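# Examination of the molecular architecture
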Amino acid sequence: MSAGLRDRLGGKVGRLLSSAGGAVTVQFVTAGGSLVVQALAARSLGADGFGAYALFFAVLVMITSVQTSFVGDTLTVYDRFEPRIRGALILSVAGTVVAGAAVGAVVAVVMGLAGPAGIALFALLVALWLLNETGRRIFTARMEFWRLAANDGCYLLVTFAALGGALALGAGASVELLLAAMCAGCAGSLVLARLRLPAEEFAPAPLRGTAFREVLGFAWWRSIQAAIRPSALLAARIMIVAFASTAALAGVEAARLLLAPALTFVNGAGWFLLGDFAKAEREGRPMRARQAVRACALMAGIALVMSLGGILLAAPLGPVVTGGSFEVDGTALAGWGIYAVCFACTLPLASLATARKRSRTVFAIRGVEAVTGLVVLAVLLALDEGNAALAPYCLGIGGLVSAALLWRMLRRGDPPRGASAAPAAEAAARPETSTAPTAG
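Because the structure is predicted, anything quoted here is derived from the model rather than measured.

Let us now look at the overall build of the protein chain. Helices and strands together make up the secondary structure of the protein chain, namely 16 helices and 0 strands. A burial count over the protein chain gives 53% of its 440 residues as buried. The long-range share in the protein chain, meaning contacts at least 24 apart out of those at least 6 apart in sequence, stands at 86%.

Next up on the list: the confidence of the model for the protein chain. Per-residue confidence for the protein chain averages 80 on the pLDDT scale, and 83% of its residues sit at or above 70. Ranking the helices and strands of the protein chain by mean pLDDT puts helix α14 (residues 391-396) first, with 92, and helix α16 (residues 421-429) last, with 37. Predicted confidence is poor over residues 1-19, with pLDDT under 50, and the contacts of this stretch with residues over four places away or in other chains come to 20 contacts. Confidence over residues 420-440 falls short of pLDDT 50; this stretch has 32 contacts with residues more than four positions distant or in other chains.

Another aspect to go through is the environment of alanine 353. Mapped onto the elements of the fold, alanine 353 is located in helix α12 (residues 330-355). Excluding residues that lie within four positions of it along the chain, alanine 353 makes contacts with Arg358, Val362, Met409 and Leu410.

On to the packing of aromatic side chains, then. One pass over the structure, following the stated rule, counts 4 aromatic pairs. Between tryptophan 129 and tyrosine 155, the ring centres sit 5.6 Å apart and the planes meet at 85°, which makes this aromatic pair edge-to-face. Here tryptophan 129 is found in helix α3 (residues 116-141), whereas its partner tyrosine 155 is found in helix α4 (residues 145-168), with 26 residues between them in sequence. Of the two residues examined, tryptophan 129 and tyrosine 155, each falls in the buried class. On the numbers, 5.2 Å between centres and 75° between planes, the contact of tryptophan 336 with tyrosine 339 is edge-to-face.

Turning next to the side chain of asparagine 387. Within the fold, asparagine 387 resides in the loop between α13 (359-383) and α14. Taking the relative accessible area as the measure of exposure, asparagine 387 reaches 18% and is therefore buried. Among the polar contacts made by the side chain of asparagine 387, one reaches the main-chain carbonyl oxygen of leucine 380 at a distance of 2.9 Å. Excluding residues that lie within four positions of it along the chain, asparagine 387 makes contacts with Leu377, Leu380 and Leu381.

With that out of the way, let us pick up the packing of α13 against helix α15 (residues 398-412). Relative to each other, α13 and α15 sit at 160°, their axes nearing to 9 Å. Between α13 and α15, the interaxial angle falls into the category roughly antiparallel. The two elements α13 and α15 cross, and the hand of that crossing is right-handed. Packed against α13, whose contacting residues are Thr361, Val362, Ile365, Arg366 and Glu369, the element α15 presents Gly398, Gly399, Ser402, Leu405, Leu406 and Met409 at the interface. Its residues placed into classes, the contact of α13 with α15 shows 5 nonpolar, 4 polar and 2 charged.

So, about the nonpolar core. Core analysis: the biggest nonpolar cluster contains 125 residues, and Tyr53, Phe122, Leu125, Met182, Val266 and Trp336 have the highest contact counts within it. Per-element tally for this core: the top contributor is helix α1 (residues 3-77), with 16 residues.

To continue, consider the packing of helix α8 (residues 246-258) against α12. The N-to-C vectors of α8 and α12 enclose an angle of 45°; their axes lie 8 Å apart at closest approach. The orientation of α8 with respect to α12, classified from their angle, is oblique. You can see that α8 and α12 cross each other, and the crossing is right-handed. Touching Val252, Ala255, Arg256 and Leu258 of α8 are Ala332, Leu333 and Trp336, all from α12. Of the residues contributing to the contact of α8 with α12, the split by class is 6 nonpolar, no polar and 1 charged.

Reading the values: the criteria
Residues numbered from 1 in each chain as written. Predicted model: local features only at pLDDT ≥ 70, side-chain atom pairs only at ≥ 80, totals over all residues. Heavy atoms only, no water. Helix = DSSP H or I, 4+ residues; strand = E, 2+ residues; numbered from the N terminus. Buried < 20%, exposed > 50% of the residue type's maximum accessible area, 1.4 Å probe, protein only. Contact = heavy atoms within 4.5 Å. pLDDT = per-residue confidence, 0-100. Phe/Tyr/Trp six-rings, centres within 6.5 Å; stacked < 30°, edge-to-face > 60°. Polar contact = N/O pair within 3.5 Å; in protein donor to acceptor, adjacent residues only side chain to side chain. Axes fitted to C-alpha atoms, helices over the stretch in contact; angles between N-to-C directions. Parallel < 35°, antiparallel > 145°, perpendicular 65-115°, else oblique. Left-handed = near helix turned anticlockwise from the far one by under 90°. Nonpolar A, V, L, I, M, F, W, Y, C, P; charged D, E, K, R; others polar. Core = buried A, V, L, I, M, F, W, Y, C linked by side-chain atoms within 4.5 Å.

Structure below.
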């Protein structure tokens, strides 16, 4: 191998590691800030107030997962600058933002989580959050994770500033105040994204003759597939409140917060893997199933170590999270560690299947897993409300079966050995260019 080619390959590996590090950093910045907000909620609102906030946040996560998969993954897998695709994306963003805000308001009313002011604030938060999430996914499609981390940092700074300012002026801690502060943070992040992204990312496109049906065929299955995990978590939370109480949910949620770093790492790595797998597919050098399995093993090992660290630190950190107003559930704590490891075993395989546009198959496999886990949890709660702590076990362990089924499906669709070697070598030998597609 010539020195020039070796240097170029070394530079390529360096850029790959930097991009992966940025993807994980984004998740830690976002989840770290969210963890602080949720810890403040747990300390200031008490068990019942924190339980209500946890349900609000679960609804927001569920709606976001649908929208970001429908829009964000299409941005990543397809050429967003092709006029027909771009027109379909514009229609998708507008439709999902309006529908998401409406669904958020309806769910808040049905659950009786807040009064009129709280419901209006939540609907506004959903709309702003989804617009901000679209900007975040543009950064992701450009593989500009470090810029995205800075943008997320802006959201957190504005949110904390708004929250701290309101409390300093004498406002009482409430769910409504937290929602208003998050709205301010989203608005600040939106402005920064508009200033930092190039103008071509906001260029209009014809809204007639779009490839909406083509995009819908991929995005529909992808969005409902991505909604399975947060929807299952939301359903589990609702079950716990219905069979037990919001106080029981608070103990399970506090345990999840202590294991948040492990879950955050898995999410961040998954973001990077989807972008990397999709880029490889577009460039004619598709990844093989065994490469996804290696990613599973690495991610599961790291998630296990991080989970064990969280469990060991639960005693000193538990009172910090809860403010001493309620206890962290020890059984749920270990369960969230198992959940994180099982999540890590599934995500790389699901990402590769998504890059191959096999969203429908992934949905079928993951859907059966989630429904089975929820049925088992419902039976356990019906037998004894004290089984609420078993929720993460019920939702997590089935991921191992899903991973095995995904691996079998992907292996059958692997490209022939050596088929992508030449394109891959040529791509590695070429000087690296911008990861963002050019217009047209």
